[in-house]
Amino acid sequence: MNILTFDIEDWWGYDYYKLGNRQDWKPRLDKYLQDILDLLDERNIEATFFILGEVAVSNPSVVRCIADRGHHIGCHSFSHTFWKQPTEKEIREDTYKALNTIEDCTGQKVTAYRAPAFSITRENCWILSVLAEAGILYDCSIFPTSRSFGGFPEYKSKFPGKIEIDGVSIKEFPIAPSTIWGREIVYSGGGYFRLFPYFKIKALTVDSNYVMSYFHIKDFDKEQKRLFTTLDGESALARYFKNYVGLNTCFKKFTKYIYDFDFCSVKEADAKINWDELPVIHM
Ligand SMILES: [Zn+2]
(Lines give C-alpha, C1' and ligand atoms only; values in the text may rest on other atoms or scores of the structure.)
Protein backbone atom coordinates (compact mmCIF):
# COMPACT_ATOMS: atom_id res chain seq x y z
CA MET A 1 0.00 0.00 0.00
CA ASN A 2 1.48 3.31 -1.15
CA ILE A 3 -0.03 6.46 0.33
CA LEU A 4 0.50 9.78 -1.41
CA THR A 5 0.48 12.92 0.73
CA PHE A 6 1.50 16.55 0.36
CA ASP A 7 2.00 19.27 2.98
CA ILE A 8 0.66 22.53 1.56
CA GLU A 9 2.43 25.28 3.46
CA ASP A 10 4.55 27.22 1.02
CA TRP A 11 2.19 30.00 0.04
CA TRP A 12 3.11 31.83 3.22
CA GLY A 13 6.21 30.05 4.58
CA TYR A 14 8.79 32.01 2.67
CA ASP A 15 7.74 35.18 4.41
CA TYR A 16 7.65 33.43 7.76
CA TYR A 17 11.17 32.08 7.45
CA LYS A 18 12.39 35.36 5.91
CA LEU A 19 13.48 33.51 2.79
CA GLY A 20 11.90 35.65 0.16
CA ASN A 21 8.50 37.11 -0.43
CA ARG A 22 5.27 35.50 -1.44
CA GLN A 23 4.70 37.66 -4.53
CA ASP A 24 7.78 36.09 -6.14
CA TRP A 25 6.95 32.54 -5.17
CA LYS A 26 3.22 32.25 -5.59
CA PRO A 27 3.03 32.01 -9.43
CA ARG A 28 5.52 29.15 -9.40
CA LEU A 29 3.81 27.40 -6.52
CA ASP A 30 0.52 27.70 -8.41
CA LYS A 31 2.15 26.24 -11.52
CA TYR A 32 3.64 23.25 -9.71
CA LEU A 33 0.37 22.58 -7.90
CA GLN A 34 -1.47 22.51 -11.24
CA ASP A 35 1.20 20.19 -12.70
CA ILE A 36 0.77 17.85 -9.73
CA LEU A 37 -3.03 17.89 -9.93
CA ASP A 38 -2.91 17.23 -13.70
CA LEU A 39 -0.49 14.34 -13.18
CA LEU A 40 -2.74 12.79 -10.53
CA ASP A 41 -5.75 13.18 -12.85
CA GLU A 42 -3.86 11.39 -15.64
CA ARG A 43 -3.28 8.46 -13.30
CA ASN A 44 -6.69 8.72 -11.59
CA ILE A 45 -4.98 8.99 -8.18
CA GLU A 46 -6.54 10.48 -5.06
CA ALA A 47 -4.02 11.92 -2.58
CA THR A 48 -4.23 13.50 0.86
CA PHE A 49 -3.23 17.18 1.03
CA PHE A 50 -2.44 18.47 4.53
CA ILE A 51 -3.27 22.16 4.42
CA LEU A 52 -1.81 24.75 6.73
CA GLY A 53 -4.54 26.95 8.24
CA GLU A 54 -2.54 30.04 7.26
CA VAL A 55 -2.73 28.94 3.60
CA ALA A 56 -6.50 28.52 3.90
CA VAL A 57 -6.66 32.14 5.09
CA SER A 58 -4.28 33.64 2.54
CA ASN A 59 -5.19 31.43 -0.43
CA PRO A 60 -8.65 29.87 0.02
CA SER A 61 -8.93 29.28 -3.74
CA VAL A 62 -5.89 26.95 -3.57
CA VAL A 63 -7.64 24.82 -0.96
CA ARG A 64 -10.94 24.79 -2.86
CA CYS A 65 -9.14 23.85 -6.09
CA ILE A 66 -7.50 20.81 -4.45
CA ALA A 67 -10.79 19.70 -2.88
CA ASP A 68 -12.77 20.27 -6.10
CA ARG A 69 -10.33 18.01 -7.94
CA GLY A 70 -11.49 15.20 -5.63
CA HIS A 71 -8.61 14.94 -3.16
CA HIS A 72 -8.73 14.17 0.54
CA ILE A 73 -8.10 17.28 2.63
CA GLY A 74 -6.19 17.10 5.91
CA CYS A 75 -4.95 19.68 8.40
CA HIS A 76 -1.28 20.66 8.91
CA SER A 77 -2.02 22.86 11.97
CA PHE A 78 -2.80 26.57 11.73
CA SER A 79 0.50 28.23 12.48
CA HIS A 80 3.15 25.59 11.65
CA THR A 81 4.48 25.72 15.19
CA PHE A 82 6.94 22.89 15.86
CA TRP A 83 5.31 21.30 18.90
CA LYS A 84 7.67 20.76 21.83
CA GLN A 85 5.75 21.00 25.10
CA PRO A 86 2.70 23.08 24.17
CA THR A 87 -0.12 23.60 26.63
CA GLU A 88 -3.40 21.86 25.95
CA LYS A 89 -4.94 25.30 25.40
CA GLU A 90 -2.39 26.11 22.68
CA ILE A 91 -3.05 22.84 20.86
CA ARG A 92 -6.83 23.21 21.10
CA GLU A 93 -6.77 26.80 19.87
CA ASP A 94 -4.42 26.10 16.96
CA THR A 95 -6.24 22.92 15.91
CA TYR A 96 -9.79 24.27 16.03
CA LYS A 97 -8.76 27.49 14.28
CA ALA A 98 -7.14 25.45 11.48
CA LEU A 99 -10.04 23.01 11.16
CA ASN A 100 -12.65 25.78 11.07
CA THR A 101 -10.68 27.74 8.48
CA ILE A 102 -10.06 24.77 6.17
CA GLU A 103 -13.63 23.48 6.54
CA ASP A 104 -14.97 26.94 5.64
CA CYS A 105 -13.04 26.68 2.35
CA THR A 106 -14.23 23.22 1.36
CA GLY A 107 -17.55 22.73 3.16
CA GLN A 108 -16.27 19.30 4.22
CA LYS A 109 -15.28 17.87 7.58
CA VAL A 110 -11.50 17.52 7.94
CA THR A 111 -10.60 14.02 9.14
CA ALA A 112 -6.80 13.84 8.91
CA TYR A 113 -3.95 15.68 10.62
CA ARG A 114 -0.17 15.96 10.28
CA ALA A 115 1.80 17.93 12.86
CA PRO A 116 4.40 20.43 11.59
CA ALA A 117 7.80 18.73 11.26
CA PHE A 118 6.31 15.42 12.50
CA SER A 119 6.56 16.97 15.95
CA ILE A 120 4.43 14.51 17.93
CA THR A 121 6.85 12.73 20.25
CA ARG A 122 6.76 10.46 23.29
CA GLU A 123 6.67 13.57 25.51
CA ASN A 124 3.71 15.28 23.86
CA CYS A 125 1.72 12.34 22.43
CA TRP A 126 -1.28 13.44 24.54
CA ILE A 127 -1.88 15.80 21.59
CA LEU A 128 -3.41 12.79 19.81
CA SER A 129 -6.30 12.72 22.29
CA VAL A 130 -7.06 16.40 21.58
CA LEU A 131 -7.07 15.63 17.85
CA ALA A 132 -9.41 12.66 18.33
CA GLU A 133 -11.81 14.82 20.36
CA ALA A 134 -11.76 17.37 17.52
CA GLY A 135 -13.01 14.69 15.13
CA ILE A 136 -9.69 13.72 13.55
CA LEU A 137 -9.89 10.06 12.50
CA TYR A 138 -6.42 9.71 10.98
CA ASP A 139 -3.13 11.04 12.31
CA CYS A 140 0.00 11.06 10.12
CA SER A 141 2.38 12.83 12.52
CA ILE A 142 4.55 10.02 13.85
CA PHE A 143 8.07 9.68 12.45
CA PRO A 144 9.23 6.53 14.24
CA THR A 145 12.95 7.23 14.18
CA SER A 146 15.29 10.08 15.15
CA ARG A 147 15.31 13.31 13.16
CA SER A 148 16.63 16.84 13.61
CA PHE A 149 13.29 17.94 15.05
CA GLY A 150 10.44 15.80 16.33
CA GLY A 151 10.70 12.08 15.73
CA PHE A 152 9.30 9.33 17.93
CA PRO A 153 11.90 6.51 17.93
CA GLU A 154 10.13 4.76 20.82
CA TYR A 155 7.09 4.19 18.58
CA LYS A 156 8.01 0.79 17.20
CA SER A 157 5.38 0.23 14.52
CA LYS A 158 6.11 1.05 10.89
CA PHE A 159 2.59 0.18 9.76
CA PRO A 160 -0.84 1.74 10.37
CA GLY A 161 -2.31 1.01 13.78
CA LYS A 162 -5.12 2.10 16.05
CA ILE A 163 -3.90 4.13 19.04
CA GLU A 164 -5.93 4.30 22.23
CA ILE A 165 -5.08 7.20 24.51
CA ASP A 166 -6.98 8.92 27.33
CA GLY A 167 -10.19 7.02 26.52
CA VAL A 168 -10.29 7.93 22.82
CA SER A 169 -8.86 6.29 19.72
CA ILE A 170 -7.24 7.51 16.52
CA LYS A 171 -5.87 5.65 13.51
CA GLU A 172 -2.16 6.30 13.08
CA PHE A 173 -0.48 6.21 9.66
CA PRO A 174 3.20 6.67 10.55
CA ILE A 175 6.08 7.39 8.25
CA ALA A 176 7.83 4.09 7.48
CA PRO A 177 11.65 4.23 7.61
CA SER A 178 13.71 1.63 5.73
CA THR A 179 17.01 0.22 6.92
CA ILE A 180 19.62 1.36 4.39
CA TRP A 181 23.37 1.06 5.01
CA GLY A 182 22.51 0.06 8.59
CA ARG A 183 20.61 3.30 9.20
CA GLU A 184 16.92 4.07 9.42
CA ILE A 185 16.22 6.27 6.41
CA VAL A 186 13.00 7.65 4.99
CA TYR A 187 13.22 7.78 1.21
CA SER A 188 9.55 8.56 0.45
CA GLY A 189 9.90 12.35 0.64
CA GLY A 190 12.29 15.14 1.60
CA GLY A 191 16.04 15.07 0.99
CA TYR A 192 16.49 11.33 0.46
CA PHE A 193 13.82 11.18 -2.24
CA ARG A 194 15.68 13.95 -4.06
CA LEU A 195 19.12 12.42 -3.38
CA PHE A 196 18.59 8.77 -4.32
CA PRO A 197 18.66 7.78 -7.98
CA TYR A 198 15.28 6.69 -9.26
CA PHE A 199 16.22 2.99 -9.58
CA LYS A 200 16.96 2.97 -5.82
CA ILE A 201 13.63 4.64 -4.95
CA LYS A 202 11.85 2.15 -7.19
CA ALA A 203 13.59 -0.89 -5.68
CA LEU A 204 12.90 0.28 -2.13
CA THR A 205 9.23 0.85 -2.95
CA VAL A 206 8.88 -2.58 -4.58
CA ASP A 207 10.28 -4.11 -1.36
CA SER A 208 7.92 -2.13 0.93
CA ASN A 209 4.41 -3.30 1.83
CA TYR A 210 3.57 0.17 3.21
CA VAL A 211 4.87 3.52 1.93
CA MET A 212 3.82 6.84 3.47
CA SER A 213 5.12 9.59 1.19
CA TYR A 214 5.36 13.28 2.05
CA PHE A 215 5.98 15.92 -0.59
CA HIS A 216 5.92 19.72 -0.66
CA ILE A 217 5.48 22.03 -3.59
CA LYS A 218 8.93 23.47 -2.89
CA ASP A 219 10.45 19.99 -3.40
CA PHE A 220 9.80 20.48 -7.13
CA ASP A 221 10.50 24.19 -7.68
CA LYS A 222 13.90 24.06 -9.34
CA GLU A 223 13.98 27.81 -10.07
CA GLN A 224 13.83 28.79 -6.39
CA LYS A 225 16.65 30.71 -4.76
CA ARG A 226 18.78 28.44 -2.60
CA LEU A 227 18.17 30.28 0.66
CA PHE A 228 17.96 28.64 4.05
CA THR A 229 18.14 29.05 7.80
CA THR A 230 19.47 26.42 10.19
CA LEU A 231 17.81 24.90 13.25
CA ASP A 232 19.65 24.81 16.58
CA GLY A 233 22.67 22.51 16.38
CA GLU A 234 22.28 21.90 12.66
CA SER A 235 25.08 22.53 10.16
CA ALA A 236 24.51 24.70 7.10
CA LEU A 237 25.54 21.76 4.89
CA ALA A 238 22.91 19.50 6.48
CA ARG A 239 20.21 22.12 5.99
CA TYR A 240 21.26 22.77 2.36
CA PHE A 241 21.06 19.04 1.68
CA LYS A 242 17.63 18.76 3.29
CA ASN A 243 16.26 21.71 1.33
CA TYR A 244 17.86 21.49 -2.09
CA VAL A 245 19.82 18.36 -3.02
CA GLY A 246 18.49 16.84 -6.26
CA LEU A 247 15.96 19.61 -6.75
CA ASN A 248 16.56 20.04 -10.49
CA THR A 249 15.39 16.54 -11.40
CA CYS A 250 12.88 15.94 -8.63
CA PHE A 251 9.65 16.58 -10.53
CA LYS A 252 10.79 14.28 -13.34
CA LYS A 253 11.59 11.59 -10.77
CA PHE A 254 8.27 12.17 -9.04
CA THR A 255 6.42 11.80 -12.38
CA LYS A 256 8.10 8.43 -12.99
CA TYR A 257 7.20 7.37 -9.46
CA ILE A 258 3.54 8.24 -9.99
CA TYR A 259 3.48 6.31 -13.27
CA ASP A 260 5.26 3.22 -11.89
CA PHE A 261 3.20 2.66 -8.74
CA ASP A 262 -0.38 2.78 -7.54
CA PHE A 263 -1.01 5.33 -4.82
CA CYS A 264 -4.00 6.18 -2.67
CA SER A 265 -5.09 8.77 -0.12
CA VAL A 266 -5.13 8.14 3.63
CA LYS A 267 -8.93 7.87 3.48
CA GLU A 268 -8.74 5.23 0.75
CA ALA A 269 -6.04 3.37 2.68
CA ASP A 270 -8.31 3.28 5.73
CA ALA A 271 -10.99 1.48 3.70
CA LYS A 272 -8.45 -1.12 2.49
CA ILE A 273 -7.20 -2.04 5.98
CA ASN A 274 -8.81 -4.73 8.13
CA TRP A 275 -8.25 -2.94 11.42
CA ASP A 276 -9.50 -5.90 13.48
CA GLU A 277 -6.38 -7.82 12.42
CA LEU A 278 -4.00 -5.13 13.68
CA PRO A 279 -2.88 -4.75 17.28
CA VAL A 280 -4.22 -1.79 19.28
CA ILE A 281 -1.44 0.49 20.56
CA HIS A 282 -2.11 1.79 24.08
CA MET A 283 -0.42 5.04 25.06
ZN1 LIG B 1 5.16 21.48 7.26
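Residues numbered from 1 in each chain as written. Predicted model: local features only at pLDDT ≥ 70, side-chain atom pairs only at ≥ 80, totals over all residues. Heavy atoms only, no water.

### Some details on the packing of aromatic side chains
One pass over the full model with this rule turns up 22 aromatic pairs. On the basis of an interplanar angle of 45 degrees and a centroid distance of 5.6 Å, the ring pair of Y192 and F196 is categorised as tilted. Overall, the relative accessible area of 3% leaves F196 in the buried class. Within the aromatic cluster, the residues linked to one another by ring pairs are F6, Y32, F49, F193, Y198, F215, F220, F251, F254, Y257, F261 and F263. It is K31 that lies over the ring of Y32; its NZ or CZ is 4.7 Å from the centre. (Phe/Tyr/Trp six-rings, centres within 6.5 Å; stacked < 30°, edge-to-face > 60°. Buried < 20%, exposed > 50% of the residue type's maximum accessible area, 1.4 Å probe, protein only. Lys NZ or Arg CZ within 6 Å of the ring centre and 35° of its normal.)

### Side note on the coordination of the zinc ion
With distances of 2.0 to 2.1 Å, the protein atoms coordinating the zinc ion are E9 (OE), H76 (NE2) and H80 (NE2). In primary sequence terms, the donor set of the zinc ion follows E-x66-H-x3-H. Judged by relative accessible area, H80 falls into the buried class, the value being 7%. (Donors = N, O, S within 2.8 Å, 3.2 Å for Na, K, Ca; no water.)

### Things to note about the pattern of salt bridges
The full count for this structure, using the stated rule, is 16 salt bridges. Two residues, D41 and R69, come together in a salt bridge whose shortest N-O distance is 3.0 Å. Here the residue D41 occupies a position in helix α2 (residues 22-42), and R69 occupies one in the loop between α4 (60-68) and β4 (72-75), the gap between them amounting to 28 residues. Here R69 falls in the partly exposed class, since its relative accessible area comes to 26%. A network of salt bridges, in which partner residues are shared, links D38, D41 and R69. (Salt bridge = Lys/Arg side-chain N within 4 Å of Asp/Glu carboxyl O. Helix = DSSP H or I, 4+ residues; strand = E, 2+ residues; numbered from the N terminus.)

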